[in-house]
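# Observations on the three-dimensional arrangement
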Amino acid sequence: MKRKLIAAIGVAGMLMSVAACGGDGDDNASKDPKDRSENLTVWLMVDAQSTWPELVKDVNAQFNKKYPKVKVNVQYQQWADKAKKLDTSLGGDKFPDVVELGNTETMQYILNGALAEIDPEKYDNSGTWIKGLKDTCTFEGKQFCVPYYAGARVAVYNKDMFKAGTGSDALPQTEDELLTALDKVSAEYTKKDKRFSSLYLPGRYWYAAMSYVAGYGGSIAEYDEGSKEWKGNLSSPESQKGIEHFVNLVKKYNKADQTKDEQDHANVMANEKAALIYGNGWEAGSVVDGANNGNPKLEGKIGTAGMPGPNGKALPSFIGGSDLAVTAKSKVTDLGEEWISMFTSEKSQEVLASKNILPNNEKQLEPLKSKPETAAVANAVPDAWFTPIAPGWTSIEKEEVLENMLLEILKGTSVADATKKADAKVDELINK
């Protein structure tokens, strides 16, 4: 497959800038570390500032012990506008040397030549990096970023509501048992509130829908060796079964607006309008966080567990998380690489694990699989699925294809017709 350039991040002329600016100019890399006097700009997301600031401080101290004259400037970014700010900076002359990227963002920057290639051997536990994260950093056999931490979606549920409906505050372990429990919870709570959803599953929640697709052995697209192109696979029998299963759950259990996405589902649970949502592990905290529209009265009442899926198996989760990369325009790529190496070292990952954040590797993930606070999400990570690792799957257009397909089915279009139409759109977009 030839390396393609796309316009998704709108950095016109960036490759020319990369060629002119990349690398460690003036042979600074050969200098004694104590004589280095450059600046290193690091963009981290605000999560690090609020949840593990001591790790950032300790790594900077470790880095400055080796490079006492190098100034490390850590700038914290918000997810809402990070991409726009990064695109603008990469098109100019003030840009970060190290940047944190959500794992769904990395491919578009790799394809635009915005990230420098890295050597995995320079990083701790690279041999056991979680595959779903490592894959998002890899293109044509080369590595362009370093896994930072992982995430996965799990069942987030109100223990009191399940106990009131079923007599037990534990989430059932099979889907058949779960659906029976949801029926009982629904019967208990819809007496007073007809808009109560025992399972609040929004209709445009394509991450959840594709988890059911994966549960039946389907996928969004498959790479065809014969044509050397990606082909939409949503109309395959397996994918159709998963989509139909998802839509049936939405129609039966979501008593609110079925055409919404999942952006406010933690808030719906916080308002006690839902007994169960399928969300990121951290969203259990959002439900009770009063500072962010949560409900502190539910503290201790919200549990997490693996989400039961079809055919007696756990529901496959979408692999989430963040990666760290050195920008190709950086003039201090070696310093960027070393800072990332320190920030993702085994010692650093231990700090994340102590805060119930999933580390970037299987070795350190293992103990969290049996820790009550992390067992559900840690066990969901190894078999998690991801969107196609394809050059064309990089823009919001592709997500809209999936959302529109689901909406059409909810409005009455047959699964067969909607998935056939979606496959044609996927074929058109994914091979751009």
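Below is a summary of the structure that appears in this document. Remember, it's a predicted structure, so these values are computed and weren't measured experimentally.

### Side note on the state of the cysteines
- If you walk through the whole model with that rule in mind, you get 1 disulfide.
- What pairs with Cys137 in a disulfide is Cys145, and their sulfur atoms sit 2.0 Å apart. Because the sign of the S-S torsion sets the handedness, a value of about -110° for the bond joining Cys137 and Cys145 places this disulfide among the left-handed ones.

### Thoughts on the packing of helix α10 (residues 237–253) against helix α17 (residues 396–410)
- Two elements in contact, α10 and α17, have axes separated by 11 Å at closest approach and are oriented at 60°. Between α10 and α17, the interaxial angle falls into the category oblique. By crossing handedness, the relation of α10 to α17 is classed as right-handed. Residues Ile243, Phe246, Val247, Val250 and Lys251 of α10 lie in contact with α17, whose contacting residues are Met405, Leu406, Ile409 and Leu410.
- Split by residue class, the contact of α10 with α17 holds 8 nonpolar, no polar and 1 charged.

### A look at the pattern of salt bridges
- Scanning the entire structure with this criterion turns up 20 salt bridges.
- One salt bridge connects Lys252 with Asp183, and the closest N-O pair in it is separated by 3.5 Å. Highlighted residues: Lys252 in helix α10 and Asp183 in helix α8 (residues 175–189), separated in sequence by 69 residues.
- The partly exposed category is assigned to Lys252, whose relative accessible area is 45%.
- One salt bridge in this structure joins Glu188 and Lys191, with 4.0 Å as the shortest N-O distance.
- By relative accessible area, Glu188 is classed as partly exposed at 35%.
- What you see here is one network of salt bridges that share partners, running through Arg36, Glu38 and Asp334.

### Examining the sheet that holds strand β11 (residues 302–305)
- The antiparallel open sheet is built from 3 strands, whose spatial order is β10-β7-β11. Of all the strands in the sheet, just β10 (276–280) and β11 have a single pairing partner and so form its edges. In this sheet, neighbouring strand axes are inclined to one another by 35° on average, regardless of whether the strands run parallel or antiparallel.
- Of the strand pairs in this sheet, strand β7 (residues 153–158) and β11 are connected by 4 bridges, and their pairing is antiparallel. Paired with Ala155 across the two strands is Ala305, which belongs to β11.
- Along the sheet, helix α7 (residues 159–166) contacts β7, β10 and β11; its crossing angle with β7, the most-contacted strand, is approximately 65°.

### What about the packing of aromatic side chains?
- If you walk through the whole model with that rule in mind, you get 16 aromatic pairs.
- Ring centres of Tyr212 and Phe246 lie 6.3 Å apart, and the angle between their planes is 45°; on these two criteria the pair is classed as tilted. Residue Tyr212 is found in helix α9 (residues 206–215), and its partner Phe246 is found in helix α10; the two are separated by 34 residues along the sequence. Just as Tyr212 is buried, Phe246 falls in that class too.
- Ring geometry for Phe318 against Phe386: centres 5.3 Å apart, planes inclined by 25°, an arrangement best described as stacked. Taken together, the residues span a long stretch of sequence, with Phe318 in the loop between β11 and β12 (320–326) and Phe386 in the loop between α16 (375–380) and α17 at a distance of 68 residues.
- Residue Phe318 is classed as buried on the basis of its relative accessible area of 3%.
- Among the aromatic residues, ring-to-ring pairing joins Trp52, Tyr148, Tyr149, Trp339 and Phe343 into one connected group.
- The ring of Tyr207 has Arg153 sitting right over it, with the charged end atom 4.2 Å from the ring centre.

How each quantity is defined
Residues numbered from 1 in each chain as written. Predicted model: local features only at pLDDT ≥ 70, side-chain atom pairs only at ≥ 80, totals over all residues. Heavy atoms only, no water. Disulfide = S-S within 2.5 Å. Axes fitted to C-alpha atoms, helices over the stretch in contact; angles between N-to-C directions. Helix = DSSP H or I, 4+ residues; strand = E, 2+ residues; numbered from the N terminus. Parallel < 35°, antiparallel > 145°, perpendicular 65-115°, else oblique. Left-handed = near helix turned anticlockwise from the far one by under 90°. Contact = heavy atoms within 4.5 Å. Nonpolar A, V, L, I, M, F, W, Y, C, P; charged D, E, K, R; others polar. Salt bridge = Lys/Arg side-chain N within 4 Å of Asp/Glu carboxyl O. Buried < 20%, exposed > 50% of the residue type's maximum accessible area, 1.4 Å probe, protein only. Pairing = 2+ DSSP bridges. Phe/Tyr/Trp six-rings, centres within 6.5 Å; stacked < 30°, edge-to-face > 60°. Lys NZ or Arg CZ within 6 Å of the ring centre and 35° of its normal.

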